[in-house]
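In case you want the letters, here they are:
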Amino acid sequence: DTGVSQDPRHKITKRGQNVTFRCDPISEHNRLYWYRQTLGQGPEFLTYFQNEAQLEKSRLLSDRFSAERPKGSFSTLEIQRTEQGDSAMYLCASSSPDRGYYEQYFGPGTRLTVT
Amino acid sequence: GQQVMQIPQYQHVQEGEDFTTYCNSSTTLSNIQWYKQRPGGHPVFLIQLVKSGEVKKQKRLTFQFGEAKKNSSLHITATQTTDVGTYFCAGPGSQGNLIFGKGTKLSVKP
């Protein structure tokens, strides 16, 4: 399967713990996006990378959130000192200029539950 | 800030009936995208519209972009149970991202 993959698919953690998620985009895609989706809502933008450079961050991304894409391939999203309000589906997407950056391919997501 | 609104939030139809969802933006859009998310799944890209007044068809799905490029619609003719899911429109944000509407959840009764 050459689509976008995310790991883990599910994460249950206690409030105050740190969690890290991984995303592997489609290999030839140079842009990688992180979104958060809660029940009944559309995906909300968190941040994106072009190659290894983090170009934009949403105001939703508090200082407890950090993302990296060290070699322009996979990316990690870390949440420190998790709160119950962080419970959501975290989606990763990738895109390339060939098909237009807004044609984004999403991974299956990591569902985070903070207890 | 920029907003993308969709109506209705939910739509229940009998199989074979038509379905339409509408998308409105608070600002003029350079383009608009439509995505479908099946229950328990992730968003899947359907189409992009770029030109004012553009109409595109994919089998039973018809997508329209308004003349003012502030609204769009998705119409499904003769729905099937495979059409079940949430349909999102998404416009480009100022940060190179996509801004998604809240979606229209379609259920189809066989």
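Right above here is the structure, for reference.
Residues numbered from 1 in each chain as written. Chains lettered and ligands numbered in written order. Predicted model: local features only at pLDDT ≥ 70, side-chain atom pairs only at ≥ 80, totals over all residues. Heavy atoms only, no water.

**Q** Can you walk me through the sheet that holds strand 7 (residues 65-68) of chain A in this structure?
**A** The pairing of strands in a sheet comes from backbone hydrogen bonds and takes either a parallel or an antiparallel form. Residues and elements named next belong to chain A. A sheet is described by the order of its strands in space; here four strands give the open sequence 1-3-8-7, paired in antiparallel fashion. With one partner strand each, in any of the chains shown, strand 1 (5-7) and strand 7 form the two edges of the open sheet. Strand after strand, the sheet turns through a mean of 15° between neighbouring axes, direction not considered. Here strand 7 runs beside strand 8 (residues 75-79); their pairing, made up of four bridges, is antiparallel. Residue pairing for strand 8: Ala67 is matched across the bridge by Leu77. (Pairing = 2+ DSSP bridges. Helix = DSSP H or I, 4+ residues; strand = E, 2+ residues; numbered from the N terminus. Axes fitted to C-alpha atoms, helices over the stretch in contact; angles between N-to-C directions.)

**Q** How should the interface of chain A and chain B be read in this particular structure?
**A** Quite often, the size of an interface is put as the accessible area lost when its parts meet. Between chain A and chain B, the residue contacts involve 20 residues of the former and 17 residues of the latter. Interface area, chain A with chain B, both sides summed: about 1,600 Å², of which 55% is carbon and sulfur. On the chain A side of the interface with chain B, the three residues burying the most area are Pro43, Tyr102 and Phe106 of chain A, jointly 38% of the side's total. Taken together, the connections running from chain A to chain B amount to zero salt bridges. (Contact = heavy atoms within 4.5 Å. Buried area = accessible area lost by both parts, 1.4 Å probe. Salt bridge = Lys/Arg side-chain N within 4 Å of Asp/Glu carboxyl O.)

**Q** How do you make sense of the state of the cysteines when you look at a structure like this?
**A** By definition, a disulfide links the sulfur atoms of two cysteine residues through a covalent bond. What the rule picks out here adds up to two disulfides over all chains. Two residues, Cys23 of chain A and Cys92 of chain A, share a disulfide whose sulfurs are 1.8 Å apart. Across the S-S bond of Cys23 of chain A and Cys92 of chain A the torsion is about -65°, and the bridge reads as left-handed. With Cys23 of chain A in strand 3 (residues 19-24) and Cys92 of chain A in strand 9 (residues 88-95), this pair connects stretches of sequence that are 69 residues apart. Cys23 of chain A sits in the buried class, given a relative accessible area of 0%. Between the sulfur of Cys23 of chain B and that of Cys89 of chain B lies a disulfide, 2.0 Å long from S to S. (Disulfide = S-S within 2.5 Å. Buried < 20%, exposed > 50% of the residue type's maximum accessible area, 1.4 Å probe, protein only.)

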